[in-house]
Amino acid sequence: MAHKNKTFHRIQPLTAFTIIVVAALVVFMIGVGIWRLMGAQNTSVILSSGEELKYVGMVDHSGRPTSGTLYYPNGLSAKIDLEEGCVTYSDGTVYYGSLDADYRRSGQGSISWTNGDSYTGEFLADALTGKGTFTFASGDVYEGDLVDGVKNGFGKYMSSDGS
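The rules behind each value
The residue numbering used here restarts from 1 in each chain and proceeds along that chain's sequence as written. Residues qualify for local features only when their pLDDT is at least 70, as the model is predicted, and side-chain atom pairs are given and counted only at 80 or more; totals for whole chains, interfaces and linings, by contrast, use all residues. Each side-chain value is derived from all of the structure's non-hydrogen atoms; neither hydrogens nor water enter the calculation. In what follows, salt bridge is the name for a side-chain nitrogen of Lys or Arg lying within 4 Å of a carboxyl oxygen of Asp or Glu. Only protein chains enter the area calculation, which uses a 1.4 Å probe; residues under 20% of their type maximum are buried, those over 50% are exposed, and those in between are partly exposed. Segments assigned H or I by DSSP are reported as helices when at least four residues long, segments assigned E as strands when at least two residues long, and all are numbered from the N terminus. Side-chain rings of Phe, Tyr and Trp (the six-membered ring for Trp) are treated as a pair once their centres are within 6.5 Å; stacked means planes under 30 degrees apart, edge-to-face means over 60, and tilted covers the remaining angles. Charges are assigned to positions over rings by a cutoff of 6 Å between ring centre and Lys NZ or Arg CZ, combined with an angular limit of 35 degrees from the ring normal.

(A) Examining the pattern of salt bridges more closely. According to the stated counting rule, one finds five salt bridges in the structure shown. A salt bridge links Asp100 to Arg104; the nearest nitrogen and oxygen atoms lie 2.9 Å apart. On the accessibility criterion, Arg104 (31% relative accessible area) is partly exposed. A salt bridge links Asp145 to Lys131; the nearest nitrogen and oxygen atoms lie 2.7 Å apart. Placement of the pair is Asp145 in strand E10 (residues 141-147) and Lys131 in strand E9 (residues 127-135), with a sequence separation of 14 residues. Several salt bridges share partner residues, and in doing so they unite Asp100, Asp102 and Arg104 into one network.

See below:
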């Protein structure tokens, strides 16, 4: 029986590169398709003021963002998780509580800033407004009424040294 020599052909570098690029694009498109099927979107959120926020993440059946990232016109962003009631801002501030239809802090909540200050109480349209407790990084504590983050009305200020 005669023995045949097998000849192997080398794939040209450009052909190999093209195959790799096409395969990567196919994998990417499948990933995007799965992401979209799971409810993820890259969209805009129009606020009642007419301001537009960019949003990337999961949405509910009505198209309202539920968990993802909001991008504000001023360059800040916020990772939101409405199921957990958590908003983590790009400057390190963390808020737990309720949000209004414009994704502003409203109702009961707590917020911690990177400087060590924190507040637990009522919010109205992103402002510390209502009754609450503001704890300063120094250990000083104010319990009482606030309007737009300013002590207003009845309250008690306790210094960390007990005075």
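(B) Seen up close, the packing of aromatic side chains. Tallying each qualifying case throughout the model produces six aromatic pairs. Considering the side-chain rings of Phe134 and Phe136, the 4.6 Å spacing of their centres and the 45° angle between planes classify their relative orientation as tilted. Residue Phe134 is classed as buried on the basis of its relative accessible area, which comes to 13%. You can call Phe136 partly exposed: its relative accessible area is 27%. For the ring pair Phe136 and Tyr157, a centre distance of 6.0 Å and an interplane angle of 50° mean the geometry is tilted. One end of the pair, Phe136, is in the loop between E9 and E10; the other, Tyr157, is in strand E11 (residues 150-158), and 21 residues separate them in sequence. Under the relative-accessibility criterion, Tyr157 is labelled partly exposed at 40%. The ring of Tyr95 has Arg105 lying over it, and the distance from NZ or CZ to the ring centre is 5.9 Å. A cation over a ring is seen here: Lys151 above Tyr142, with NZ or CZ 5.8 Å from the ring centre.

(C) Broad picture of unusual backbone geometry. The backbone phi angle of Tyr103 is positive, close to 60°, even though this residue is not glycine. Among the structural elements, Tyr103 can be located in the loop between strand E6 (94-99) and strand E7 (105-112). Note on Tyr103: relative accessible area 5%, which makes it buried. Of note, the phi angle at Ala125 is positive, near 50°, even though the residue is not glycine. Under the relative-accessibility criterion, Ala125 is labelled partly exposed at 36%.

Distances and angles like these do not, on their own, reveal function.
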